[in-house]
Amino acid sequence: MHGDSPYMIMFGPDICGPGTKKVHVIFNYKGKNLLTKKDIRCKDDVFTHLYTLILNSDNTYEVKIDNAVVESGNLEEDWDFLAPKKIKDPEAKKSEDWDDKEKIDDPEDTKPEDWEQPEHVADPDAKKPDDWDDEMDGEWEPPMVDNPEYKGEWKPKQIDNPSYSGVWVHPEIDNPEYAADDALYKYEDIGAIGFDLWQVKSGTIFDNILITDDVSQAEEVGNELWGVTKDAEKSMKDKQDEEERKKNEDDEAAKKEDDSEAKEDVDGEEEDEEEEDHDDHDEL
């Protein structure tokens, strides 16, 4: 087996950078790998977690993390196993007199006579520089500034369209290519189990795989293998965090003490220099 080997089901967490933290549930159906339409979030911490996928004979499913359901639904609805039941009627067309504009220009509205104003005007406060030479510099023109009277492009106000027909919805018909399959959940033969792993940081461990047709057994085995260690794992992490906290406090205290001693040494040297200067003055 290798990374390109075909598979029936891919299930498990995928964590990649800050943007990808999801549970993959991928089914192979008639040679195509189908991803779920839902975003199932995985756990993203330092603790061990238990992931469970349950497929039921009525084509429903559940995804559990740590023996708690985090997602559930219907296989046909949440994956593109089958062609859609309904399609747009290829014979249906919007009638030529269908008016889908909800608002129209008010035919009674007119542009005010004083509306037209230039966007920019000559700066009335600008003056030609004293050293401006018309022969050398050309005819002087004042710089342009925004016109405070400019109102922009005039548009008539909008009113309700009396001929508005509403939003046209394309009629749908039964899809002739749709074929129900009441055994989407079913796989005749799964001959091997493997891990598809790509890690950029060491330390992740995967173990204890169970495939069974007994949901209760799966939960019991999960509690026996994962449940009995999770509390101890958290206690160990809390202890490590406390030790790290104390170490940081001790390091910070030692640094402050060293800084204080260094300052005392500098102050002592300055006092000695002052005493020597005083003795020299006495001798003089």
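Values in this document were obtained by computation on a predicted structure and should not be read as measured data.

**A short note on the confidence of the model for the protein chain**
When pLDDT is averaged along the protein chain, the result is 89; 93% of the residues meet or exceed 70. Ranking the elements of the protein chain by mean pLDDT puts helix 3 (residues 215-283) last, at 80, and strand 5 (residues 60-65) first, at 98.

**Some words on the packing of aromatic side chains**
Tallying each qualifying case throughout the model produces 6 aromatic pairs. Taken together, a centroid distance of 5.0 Å and an interplanar angle of 70 degrees make the contact between Phe27 and Trp79 edge-to-face. Placement of the pair is Phe27 in strand 2 (residues 20-29) and Trp79 in the loop between helix 1 (75-78) and strand 7 (86-88), with a sequence separation of 52 residues. By the burial criterion, Phe27 is buried, and Trp79 matches it. Judged by centre distance (4.8 Å) and plane angle (80 degrees), the ring pair of Tyr61 and Trp79 falls under edge-to-face. Here Trp79 lies in the loop between helix 1 and strand 7 and Tyr61 lies in strand 5, a separation of 18 residues in the sequence. In this structure Tyr61 comes out as buried when scored by relative accessible area, which is 1%. What makes Trp79 buried here is its relative accessible area of 0%. Here a set of aromatic residues connected by ring pairs shows up, and it is made of Phe27, Tyr29, Tyr61, Trp79 and Phe81.

Rules used throughout
- Counting starts from 1 at the beginning of each chain's written sequence and moves along it residue by residue.
- A pLDDT threshold of at least 70 governs which residues receive local features in this predicted model, and a stricter bar of 80 or more applies before side-chain atom pairs are shown or counted, although totals over entire chains, interfaces and linings include all residues.
- Excluded from the side-chain calculation are hydrogens and water; included are all heavy atoms of the structure.
- As a per-residue quantity, pLDDT reports the predictor's confidence and falls between 0 and 100.
- Under the DSSP-based scheme used, a helix requires at least four consecutive residues in state H or I and a strand at least two consecutive residues in state E, with every element numbered from the N terminus.
- A pair of Phe, Tyr and Trp rings is counted when the ring centres sit within 6.5 Å of each other, with Trp represented by its six-membered ring. The angle between the planes then sorts it: under 30 degrees is stacked, over 60 is edge-to-face, the rest tilted.
- Here the term buried applies to any residue with accessible area under 20% of the maximum for its type, exposed to any over 50%, and partly exposed to those in between, with areas from a 1.4 Å probe on protein chains only.

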